[in-house]
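# Structural characterization, general
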Amino acid sequence: MNKLILGRYLPGDSIIYRLDPRGKFLITFYFIGIVFLANNVVSYGFLLLFVLFSVYISKINLGFFIKGLRPMLWLILFTVLLQLFFTPSNDPIWHWGIFTLSTDGMRIASYIFIRFVLIIFISTLLTLTTTPIEISDSIESILKPLKVIKFPVTQVALMLSIALRFVPLLIDETTKIMDAQRARGVDFGEGGLMHRIKSFVPILIPLFVSSFSIAYDLAIAMESRGYKDGEGRSKYRVLSWSRRDNIALAVMILITIILLFIRSY
Amino acid sequence: MENIISIKDVTYTYPESKVSAINKLSLDIHRNEWLSIVGKNGSGKSTLAKLIDGLIESESGRIIVDGQEVNEQNIWNIRSKIGIVFQNPDHQFVGATVEDDVAFGLENQGMPRDEMVKQVDEALAMVDMQEYKTRDPQSLSGGQKQRVAIAGVLATKPSIIIMDESTSMLDPNGRRTVLNLVKQLRKQQDMTIISITHDIEETELSERIVVLKSGEVVQEADPKSIYNMGSELIKYGLEEPFSNQVASLLRDELKLPKGYLNEEELIQNIWKLSSKM
Amino acid sequence: MEIIFKNVTHSYEANSPLEGLGLDDVSLTIHDKKFTAIVGKTGSGKSTLVRHINALLKPTSGSIMVGDREITSETNNKNLKPLRKNVGMVFQFPESQLFEDTVEKDIMFGPMNFGMSESDAKESARKMIKLVGLEEDYLDKSPFDLSGGQMRRVAIAGVLASNPETIILDEPTAGLDPVGRKEIMDLFKNLQEQGRTVILITHNMDDVANYAEEMVVIHDAKVVASGKPKDIFNDNKLLKNDILTLPRSAVFAQKLAQREFSFPQLPITISELTTEIKRQVHGD
């Protein structure tokens, strides 16, 4: 759990870190969209080059990105193998029962693999270089238009940032409670399914109790500091859009144009 | 002396509890005094702090803060005059970073950003935490988190600060820095400080001590008179001041003056006895 | 049981950019049936150290002998129950481990996990609740209806109920008022005098002076001193480097030492202090 949520942001400094999180957020989603425009070796190669270049200027070790693939490994393997052996073809290299291996299949499988790599690398780049609070700020900013339909954007954003703030605390609390119960003879992951489920009761109840007590304390502390209901608040954190963010967007448009050109080529 | 807080016949019982946490309690707190409220766990100290700030509502009696009665209507006004630093450093840190947390109270007031930036910097300077401005709470020690909490309170410029067992979860180092900070603030500006504690040694610098037991005020006097009670303090769940413990063990053989002696006075007296010999 | 740490190193998040040393080549013997205090600043590695004794953490290298049981990096997670039955652990703010709907069931939880019969566990719960200073009728209450101090006592009873030979205490009195603190500390001292090994992590040097027979000082993941409290509190090197603070009696003596008093060895308890003052005032 620790590695999934916390291992994400990696403190550092480079041009990618300094980009406005809203821009990074949009670019990431935009890029994931245009990945699906690629249709041949040159276009995939071009996108791969772009991603590797971004990784390079982020000054983050490539190892972190490869690690990012790991949780998705089974899904990637499954999809690639599916394409590799189940792509119908009139000209198979090898054929056995329902399995068919062909050059078409091999090509599509490698495209799919590259597509996974592109999407995972670019989103890893976002999470490694952007703090959770910056992401929550960007979401608030992007959702702002919803205020028109009375959607409580500021409250949701505050909720999100407080939730992010308390994740590490609750992880610590969970570890501590687990240790305490293990010391009292609980064996997690031993015995049948029912036994395993039951062994989590001594964790879950204390965790609920302490979450409620944290929530109560926090609510009291917030109220004592004058928090009413989120209306009439000003904002201390500001995001600043600068020239480099415009350049980043321009680069994305350029990439789209090149991609469209290569595609029809 | 002018009263900044006046509590009259206040009673409060927690839901689902049979006994009252605060029982017909009356107490006046003077403007710009440093008042300590002591008593053992469960004597009603923290409940009293919450009542004063209107965080919980009394069943009967009334509380006046700076000329205004604590009620639905005045509550936000009153809260802006009072800053509370709570016990658990982790449970009151709202912001994602130090500066965000300090700004929280100012954001609630709707203060323009330029002004906020100035106030946050000022408040962080007062608690000597400027260099930690962009750090996240996970990377701070307990004592540092409490200093940030104090900065968050100072930023809103309250006239009353309540320290609700703010040092009880800290290690000795953290406790020392927080206590020194309060002493220093006390010297620098006019404010009323209410410190709630069960550590008798933290009360030495206050002007008045109120002892609570079962939700009632059982003693109310200056520190010296309270310390004079000696071992009777144990009845209220408190420890005798260390110099008192030493003095009472010495009195069977040495002639020391009667009454409470602070550490310096005791050393002085022991020294006099030894040089006469 | 004697506990022996042999060159124990523990690194957190090994092979990651966040890698850090929790313990750095620690060798140490904790003697059987003694009261040992472990002191050191927050984050120095005290909690990491004691979590190795019941294999909640395993060493990255080195080994720990607990009685005749050896714990190394290879130690399997299976079959740790006999070890954990014998090493009871009271965590910081242990009240947060309570979860059953009655106090009795919560106290019985540990013993029954360790294979005690229901009737024996009930009997043990009855004994323990009294031992920690609560009335027997608390057994039927919900632990969540109790005050913080009472919950703390119930949690301690739950650890003691398995009748462990070694008891590890991680700041068991944090946040309690002075009277409650003394009661709890006296309880542990009693248990030790009845023949158990007690290991106490604390920041309170008066507790070390008053209760402990042995003392271990940890600094930056290393054991920098171990021995009798009196000797260690008189070790100028530790005091000068701000690794250790003194009990109040020793501080008082230091102040007297500036006024014609002399202490070849600083007294660490209040009775040592007052005896020495009387002796010097009377001039013998």
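Just so it is clear, the model here is predicted, and its values are computed rather than measured.

## Focus on the overall build of chain A
- Helix and strand content of chain A: 12 helices and two strands.
- The order of α-helices and β-strands along chain A, N terminus first, is α-α-α-α-α-α-β-β-α-α-α-α-α-α.
- The C-alpha radius of gyration of chain A comes to 24 Å, more than 25% above the 18 Å expected for a compact globule of 265 residues.
- For chain A, the spread of C-alpha atoms along the three principal axes comes to 70 × 60 × 40 Å.
- Split into buried and exposed, the 265 residues of chain A put 41% on the buried side.

## Describing the overall build of chain C
- Looking only at helices and strands, chain C features 11 helices and 10 strands.
- For 284 residues, the compact-globule estimate of 2.2 N^0.38 gives 19 Å, and chain C sits close to it at 21 Å.
- Along the first, second and third principal axes, the C-alpha set of chain C runs to 65 × 50 × 35 Å.
- In chain C, which comprises 284 residues, the proportion classed as buried is 56%.

## A look at the packing of helix H9 (residues 153–183) of chain A against helix H11 (residues 201–224) of chain A
Residues and elements named next belong to chain A.
- Viewed as axis vectors pointing N to C, H9 and H11 meet at an angle of 140 degrees, and their least axial separation amounts to 10 Å. The angle between H9 and H11 falls in the class oblique. For H9 against H11, the interelement crossing comes out right-handed. When H9 is examined against H11, the residues Leu158, Ile162, Phe166, Leu169, Leu170, Glu173, Thr174, Ile177, Met178 and Gln181 are found in contact with a partner set consisting of Pro202, Ile203, Pro206, Leu207, Ser210, Ser211, Ile214, Leu218 and Met222.
- Each residue belonging to the contact of H9 with H11 can be placed in one class, and the counts come to 14 nonpolar, four polar and one charged.

## Considerations on the interface of chain A and chain C
- Between chain A and chain C, the contact holds 22 residues from the first and 26 residues from the second.
- Together chain A and chain C conceal approximately 2000 Å² of surface at their shared face, both sides included; 57% is due to carbon and sulfur atoms.
- Sorting the residues of chain A by area buried against chain C places Lys176, Ala183 and Arg184 of chain A first, and these three jointly supply 34% of that buried surface.
- Taken together, chain A and chain C are joined by two salt bridges.
- One salt bridge in this structure joins Asp106 of chain C and Arg184 of chain A, with 3.0 Å as the shortest N-O distance.
- For the interface between chain A and chain C, the tally reads eight residue pairs in polar contact (both at pLDDT 80 or more).
- Elements represented by at least two residues in the side of chain A that touches chain C include exactly helix H5 (62–69), H9 and H11 of chain A.
- Top element by residues in the side of chain A that touches chain C is H9 of chain A. It accounts for eight residues.
- Across the side of chain A that touches chain C, the residue classes break down as 11 nonpolar, two polar and nine charged.

## Section: the confidence of the model for chain C
- Residues at a pLDDT of 70 or more form 98% of chain C, whose mean pLDDT is 93.
- Interface scoring of the predicted complex returns ipTM 0.91; its pTM is 0.87.

## Quick look at the side chain of Gln181 of chain A
- Tracing the chain through its elements places Gln181 of chain A in helix H9.
- Filtering out sequence-adjacent residues up to four positions away, Gln181 of chain A remains in contact with Val186, Pro202, Ile203 and Pro206 of chain A together with Gln97, Phe99 and Phe109 of chain C.

## Re the pairing of strand E9 (residues 214–219) of chain C
All names here are of chain C.
- The element E9 is largely enclosed, with a buried count of five among its six residues.
- Bridge count for strand E3 (residues 35–39) against E9 is four bridges, and the pairing is parallel. Residue pairing for E9: Thr36 is matched across the bridge by Glu214.
- Pairing geometry for E9 and strand E10 (residues 222–227), over five bridges, is antiparallel. Bridging from a neighbouring strand, Val216 pairs with Ser226 of E10.
- Connecting E9 to the antiparallel partner E10 that follows it, the hairpin turn spans two residues, and Asp220 within it adopts a positive phi of roughly 50 degrees.

## Quick word on helix H10 (residues 248–257) of chain C
- Of the positions making up H10 of chain C, those classed as buried are Ser249, Ala250, Phe252, Ala253 and Leu256 of chain C. Looking down the long axis of H10 of chain C, one finds its buried residues gathered within 160 degrees of arc, a one-sided arrangement.

## So, the interface of chain B and chain A
- If you look at the interface, chain B gives 37 residues, while chain A gives 29 residues.
- Buried surface at the junction of chain B and chain A, summed over both partners, amounts to about 2900 Å²; 55% is from carbon and sulfur atoms.
- Where chain B packs against chain A, one counts four salt bridges.
- Here Arg233 of chain A makes a salt bridge to Glu107 of chain B, at a shortest N to O gap of 3.0 Å.
- At the surface where chain B touches chain A, the tally comes to 14 residue pairs in polar contact (both at pLDDT 80 or more).
- Listing elements by their share of the side of chain B that touches chain A, those giving two or more residues are helix H2 (75–81), strand E6 (82–85), helix H3 (98–109) and helix H4 (113–126) of chain B.
- Of the residues forming the side of chain B that touches chain A, the biggest block, 11 residues, is contributed by H3 of chain B.
- Here the residues of the side of chain B that touches chain A sort into 17 nonpolar, 10 polar and 10 charged.

## Examining the domain arrangement of chain A
All names here are of chain A.
- Segmenting chain A into domains produces domain 1 (1–130 + 241–265) and domain 2 (132–233).
- Relative to domain 2, the C-alpha centre of domain 1 lies at a distance of 32 Å.
- With 11 residues of domain 1 in contact, the opposing surface of domain 2 contributes 10 residues.
- When domain 1 packs against domain 2, the two sides together hide about 960 Å² of surface, and 81% of this comes from carbon and sulfur.
- It is Arg22, Phe25 and Thr130 in domain 1 that bury the most area against domain 2; as a group they hold 45% of the surface buried on that side.
- The tally of links between domain 1 and domain 2 comes to zero salt bridges.

## Remarks on the pairing of strand E9 (residues 208–213) of chain B
All names here are of chain B.
- Counting buried positions over the six residues of E9 gives five, a clear majority of the element.
- Bridge count between strand E3 (residues 34–38) and E9: four bridges; the pairing is parallel. Along E9, the bridge assignment pairs Leu35 with Arg208.
- The sheet contact formed by E9 and strand E10 (residues 216–221) spans five bridges and is antiparallel. Bridge pairing in E10 links Ile209 to Ala221.

## Considerations on the confidence of the model for chain A
- Within chain A, residue pLDDT values average 88, and 97% of them lie at 70 or more.
- The low-confidence segment residues 1–7 of chain A, where pLDDT is below 50, has nine contacts with residues more than four positions distant or belonging to other chains.

How each quantity is defined
- Residue indices follow the written sequence of each chain, beginning from 1 at its first position.
- Starting at A for chains and at 1 for ligands, labels are handed out in the order in which the entities are written.
- In keeping with the model being predicted, local features are shown solely for residues with a pLDDT of at least 70 and side-chain atom pairs are shown and tallied solely at 80 or more, while totals for entire chains, interfaces and linings include all residues.
- Calculation of side-chain values draws on the structure's entire complement of heavy atoms; hydrogens and water are dropped beforehand.
- Note on conventions: DSSP H or I runs of at least 4 residues are helices, E runs of at least 2 residues are strands, and numbering of each starts at the N terminus.
- Only the C-alpha atoms count toward the radius of gyration. The rule for a globule is 2.2 Å times the residue count to the power 0.38.
- Think of it in three bands: with a 1.4 Å probe and only protein chains considered, a residue is buried below 20% of the maximum accessible area for its type, exposed above 50%, and partly exposed in between.
- Fitted lines through C-alpha atoms give the axes, limited to the stretch in contact for helices. The angle between two N-to-C directions lies from 0 to 180 degrees.
- Should an angle lie under 35 degrees it is considered roughly parallel, over 145 roughly antiparallel, and from 65 to 115 roughly perpendicular; all remaining angles are considered oblique.
- The hand of a helix crossing depends on one turn: near helix anticlockwise from the far one by less than a right angle means left-handed, and clockwise means right-handed.
- Residue contacts follow a heavy-atom distance rule, with two residues in contact if any of their heavy atoms lie within 4.5 Å.
- Lys, Arg, Asp and Glu make up the charged group, whereas Ala, Val, Leu, Ile, Met, Phe, Trp, Tyr, Cys and Pro make up the nonpolar group; the residues left over, Gly among them, are polar.
- Summed over both partners, buried area is the accessible surface (1.4 Å probe) that two parts give up on being assembled.
- A pairing counts as a salt bridge when a side-chain nitrogen of Lys or Arg comes within 4 Å of a carboxyl oxygen of Asp or Glu.
- Polar contacts here mean pairs of N or O atoms no more than 3.5 Å apart (in protein, one a potential hydrogen donor and the other a potential acceptor; neighbouring residues in sequence count only if both atoms are side-chain atoms).
- For every residue, the pLDDT score states the predictor's confidence, bounded by 0 at the bottom and 100 at the top.
- Here, any two strands with at least 2 DSSP bridges between them count as paired.
- To obtain the arc, one takes the directions from the helix axis to the C-beta atoms.
- For the domains described, the bounds stem from an automatic or database domain assignment.

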